[in-house]
Amino acid sequence: MFRTAVRNVLAHKARLLMTVLAVMLGVAFVSGTLVFTDTLGNAFRNQSAKNYDKVAVAVTTWAERGDEETAAVDEETLGKIRDLDGVAEATGRVSGFAGVADPDGKLIGNGWSNTGSNFAPGAGGKDAQYTFTEGTGPVKDGEIALDKETASKGEYRVGAPVRVATNGPVKEYTLSGVFTTEDGAVNAGGSLVLFDTDVAQRLYLRPGEFKDVSVVAEPGASDTALLAAVKPLLPKDAEAKTGAALADEEAEMTESGLKSLNTMLLAFAAIALFVGVFLIANTFTMLIAQRTKELALMRAVGASRRQVKRAILLEAGVVGVVASVAGFALGVGLATGLRSAMGMFGGKIPAGPLVVSPVSVASAFAVGVLITVFAAWLPARRAAKIPPVAAMSSVHAVATTKSLVVRNSIGGVLTLLGSAAIIGGAAQGDENGRWLIGGGAFLALIGVIVLIPLLSRPVIALFRPLLRTAFGVSGKLAAQNAVRNPRRTGATASALAIGLTLVTGISVLGVTLGQAIDKMTTDNIRADYMVSMASGEPLDETALTALRKADGVAAASPQRSVWLTVGKEEGVSASGVTPGDVEKVFALKTVSGSLSSLKDGEIAVDRKTAKSHGWKTGDSVPVTYQDEKKETLKVGALYEGNEFLSPVLISEDLVDPHETLSDIREVWLTMDGGQSEANEQAVVDALGDNPAMSVMDRQGIRDMFGGFINTALNIMYGLLAMALVIAVLGVVNTLAMSVYERQQEIGMLRAIGLDRRRVKRMIRLEAVVISLFGAVIGVGLGTFLGWAIGKSLSSSIPGYALVIPWDRLAVFLVLAGLVGVLASLWPARSGAKLNMLTAIKTE
């Protein structure tokens, strides 16, 4: 039976080509994901091990510049650590944000991973953590060194002036050297600036103090013993661990992050393979229908039902193995390409080999073979049930009325249960509701797939008048052919329906959320510009002072993050703002009282927060500041909440005496004359053309808050593309095999006057009808799911309102029709080229 199975695969290799391609693409997705994440994990693990290879003990403190309460490691403590037995070297480090300007004055790097630190030379004048390729490390106030990537991007050479911004005003330094490093910030697409130690301490902490210390052991010294000796010397709240422990922690964090990426990619691979199941099942169903006489002959010469079934499953296994081999090779290529692509887009991956683990190989082959055999099982089971006599007389097993009733009943029940769960989850509206929607979506999708043959006749009937009117006989025949075998049409359309259900649902949800965020921005902001740090860190007070003095500034208010303790224990977030200006930069709707009361040392509270605490205008509220000072504040106004402000507004003058660290997240500006190039330039000039500070107009603010949705949509579209490609292969496959089955019929049509052009048109229109049928089902179900998920999120999204992206849905339908046209090119050409007399004689 194995030889028979291999012979049949070779005999029908052209008709199995699309099945091989579908399985190959799914396996490539799976294997590429596994190899890619294994390679990344191995590279980052090796980097962590390398970074801490010589570190016996690492000390970390949480001290920050301006924070006088949290202790750091001072020079005296560092000296005591160096004097311990077994210590070869102990190096103190300080670090923080540092941004470098490119030749156009723009920030090099992504902001959040732009870092500054200190050059800490040892006895030989070198810092073991950095390898200099040009020049030397900085040893005085006006010098810096840059990592090689940043120096190249900025076109800087040793001796050149470099503008560097920390959290304060931008300053100019002389480049003393260029170095290479495996620092994680640089690998993440950022930059690294090295300062002289005294300069770095003044910028990031306090003179004579360090945030971190790394200890190198002498040969033979125990890391554990050194750790025990170092700990008693450290200030309160400092943390010390062995280098090996830190390397393991970093490796675990990397594994955790890659696990999430791995799960997401494999989920989309599973979708692609699920779509491929329909193509495989359709292929084997049609192959078996074409080989009924052959199967009957096998039964007649003694083959049992089990042997027939086993032979077909063996064929599927052979196809699965061939497709898995090709898919795995393609997957390894995809992993290599993804790694290179990350480097092109600024994500530097540590050097390391491509990791092809036994688990990746076994998983890829198991997925390919099992999916193919699973999809072929039902056709094989049906084939084994055909009696030899019925098969010899070409009486194919037609679905009985009972089987159709059972199928449609099951499909109807699943669809109703799924729809009820989706509606119930949307009404519930929390995380549990969304899980309910997910379960309901699965049931509804399975139900629709089961029902889709039943739906094919009424839905395709909608296209029939248009086809007949516009395309005559070819259109009429195409509509009839599309519903001739509803199960086959349904299986082909299901693949497209699944892909478009997901694409449409994501689109409806994304566009709805995007519009809600855009509306939130428009309704809550009056400011013309928002100024913030590119790193996400707080702005320096000097920036606020400079902005208030800038030409054309009509109103300026910071959004200073403050934490107040109300009563004995309960805390509340507050925004320190400028009274009188805050109303000019934010759209604040007063419910009671007046916002002008902020000038009198009173507070304003948003309506929901006031309700939850039982406050009203005129109430006195006891608060405790972060410096433990207490004060009783009067509620001067209630206002409708604003998404860009904390629930309590307080004058910055009240907050300043109690805050050791200035936590200014943004400064909002309203300009005389509104937004203009001149006004924007005035703001940039006031900041000293600082590359580390971001100046956004209202459109930029909307893009910042809503841009991630468009990015997420594009990623989702890209990941779902594989499933849609497999669905297209399914249409090609169905049409090609259908043409093969209908050779005699096509020959007869040619004989009675249907020319080649109209034969092509008939097959092409049949493909379009099947594609549009699947698209209509997918778009409808996807819109329903998008509404349900959005509804469940509506309570947490201000201004939520369902938006149906009619333009995108129209594009999806047009693309589905185009998919049908493209999928039909080869089958239509083959059908039109059939020799008329040969086709008529075909059995």
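Since we're looking at a predicted model, the values are computed, not measured.

What counts and what doesn't
Residues numbered from 1 in each chain as written. Predicted model: local features only at pLDDT ≥ 70, side-chain atom pairs only at ≥ 80, totals over all residues. Heavy atoms only, no water. Helix = DSSP H or I, 4+ residues; strand = E, 2+ residues; numbered from the N terminus. Buried < 20%, exposed > 50% of the residue type's maximum accessible area, 1.4 Å probe, protein only. Contact = heavy atoms within 4.5 Å. Areas by Shrake-Rupley, 256 points an atom, 1.4 Å probe, with all protein chains shown as cover. Lys, Arg positive; Asp, Glu negative; His and termini not counted. Charge placed at Lys NZ, Arg CZ, Asp CG, Glu CD. Pairing = 2+ DSSP bridges. Core = buried A, V, L, I, M, F, W, Y, C linked by side-chain atoms within 4.5 Å. Axes fitted to C-alpha atoms, helices over the stretch in contact; angles between N-to-C directions. Left-handed = near helix turned anticlockwise from the far one by under 90°. Nonpolar A, V, L, I, M, F, W, Y, C, P; charged D, E, K, R; others polar. Expected span 1.5 Å × (residues − 1). Phe/Tyr/Trp six-rings, centres within 6.5 Å; stacked < 30°, edge-to-face > 60°. Salt bridge = Lys/Arg side-chain N within 4 Å of Asp/Glu carboxyl O. Polar contact = N/O pair within 3.5 Å; in protein donor to acceptor, adjacent residues only side chain to side chain. Patch = residues over 30% accessible without salt bridge, like charges linked within 9 Å, V, L, I, M, F, W, Y side chains within 5 Å.

Describe the overall build of the chain, and please don't skip the residues or the numbers.
Secondary structure summary: the chain contains 26 helices and 24 strands in total. In terms of overall dimensions, the chain has C-alpha extents of about 100 × 75 × 50 Å along its principal axes. Counting across all 843 residues of the chain, residues that qualify as buried make up 50%. In the chain, the proportion of contacts linking residues at least 24 apart, taken out of those at least 6 apart, comes to 82%. Here the chain displays about 38,400 Å² of accessible surface, and carbon together with sulfur accounts for 59% of that area. Both charge centroids of the chain, one from 80 positive and one from 80 negative side chains, sit 24 Å from each other.

Tell me about helix 6 (residues 197-204), and name the residues and values.
The set of residues buried in helix 6 consists of Thr-197, Val-199, Ala-200, Gln-201 and Tyr-204. The inward-facing, buried residues of helix 6 abut helix 3 (75-82), strand 4 (95-97), strand 6 (115-119), strand 10 (171-180), strand 11 (192-196) and strand 12 (209-210).

How would you explain the pairing of strand 17 (residues 570-577) if you had to name every residue and give the values?
Here strand 16 (residues 553-566) runs beside strand 17; their pairing, made up of seven bridges, is antiparallel. Residue pairing in the sheet places Val-562 in a bridge with Ala-574 of strand 17. Bridge count between strand 17 and strand 22 (residues 648-651): four bridges; the pairing is parallel. Across the sheet, residue Ala-574 finds its bridge partner in strand 22, namely Val-648.

Explain the nonpolar core residue by residue, including any values.
If you look at the biggest cluster of nonpolar residues, it comprises 70 residues, and the most contacted ones within it are Phe-29, Val-275, Ile-726, Ile-763 and Phe-773. For Phe-29, the contacting residues outside a window of four places in its chain are Leu-265, Phe-268, Ala-269, Ala-272, Leu-719 and Met-722. Leu-78, Leu-175, Val-193 and Tyr-204 belong to the second largest nonpolar core, which has 37 residues in total.

Go over unusual backbone geometry with me, naming the residues and quoting the values.
For Glu-155, which is not glycine, the phi torsion reads 60° and is therefore positive. Tracing the sequence through the fold places Glu-155 in the loop between helix 4 (148-154) and strand 9 (161-165).

Any chance you could break down the packing of helix 15 (residues 486-524) against helix 23 (residues 756-793) for me, citing the residues and the numbers?
Contact pair helix 15 / helix 23: the axes reach a minimum separation of 6 Å and the direction vectors enclose 35°. Two packed elements cross with a definite hand, and for helix 15 against helix 23 that hand is right-handed. Per-class residue counts for the contact of helix 15 with helix 23 are 16 nonpolar, twelve polar and no charged.

Run through the environment of Ser-795, naming residues and quoting values.
Tracing the backbone through its elements, the reader meets Ser-795 in the loop between helix 23 and helix 24 (806-823). Spatially, the C-alpha atom of Ser-795 lies 7.5 Å from that of Gly-429, the residues being 366 residues apart in sequence.

So, helix 2 (residues 17-51): which residues are in play, and what are the values?
Along its 35 residues, helix 2 runs 50 Å from first to last C-alpha, staying within 8% of the 51 Å computed at 1.5 Å per residue. Burial of helix 2 is extensive: 26 of the 35 residues sit out of reach of the surface.

Could you give an account of the packing of aromatic side chains, naming the residues involved and the relevant values?
When we look at a pair of aromatic rings, we describe it by the centre distance and by the angle of the planes. Considering all chains together, one arrives at nine aromatic pairs under this definition. Each ring, one from Tyr-173 and one from Phe-195, has its centre 5.5 Å from the other, and the planes form 70°; the classification is edge-to-face. Taken together, the residues Tyr-173 in strand 10 and Phe-195 in strand 11 connect sequence positions 22 residues apart. Judged by its relative accessible area of 5%, Tyr-173 falls in the buried class.

How would you explain the environment of Leu-455 if you had to name every residue and give the values?
Mapping Leu-455 onto the fold places it in helix 14 (residues 431-482). Considered as a pair, Leu-455 and Phe-773 are 318 residues apart in the sequence and their alpha carbons are 9.2 Å apart. Apart from the residues lying within four places of it in its own chain, the contact partners of Leu-455 are Phe-773 and Ile-777.

Can you lay out the pattern of salt bridges for me, pointing to particular residues and giving the numbers?
Taken as a whole, this structure holds 18 salt bridges when the rule is applied. For Asp-127, the salt bridge identified is with Arg-93, shortest N-O distance 2.8 Å. Residue Asp-127 is found in the loop between strand 6 and strand 7 (131-135), and its partner Arg-93 is found in strand 3 (residues 87-93); the two are separated by 34 residues along the sequence. Judged by its relative accessible area of 4%, Asp-127 is buried. Owing to a relative accessible area of 11%, Arg-93 belongs among the buried residues under this scheme.

Lay out the side chain of Ser-357 with the relevant residues and their values.
By the secondary structure assignment, Ser-357 is in the loop between helix 10 (305-344) and helix 11 (358-385). Among the polar contacts listed, one links the side chain of Ser-357 to the side chain of Asp-38, at a separation of 3.2 Å.

How would you sum up the side chain of Ser-507? Please name residues and give values.
If you trace the backbone, Ser-507 turns up in helix 15. Ser-507 sits in the buried class, given a relative accessible area of 0%. Not counting residues up to four positions away in its chain, the partners in contact with Ser-507 are Leu-713, Tyr-717, Pro-805 and Phe-812.

Residue-level account of a nonpolar patch on the surface, with values.
Judged by side-chain polarity, Val-811, Leu-815, Leu-818, Leu-822 and Leu-825 come together as a nonpolar surface patch covering roughly 450 Å² of accessible area. Among the elements that make up the nonpolar patch, the one with the highest residue count is helix 24 (four residues). If you trace the backbone, Leu-815 turns up in helix 24.

The analysis is restricted to geometry; functional conclusions fall outside its scope.
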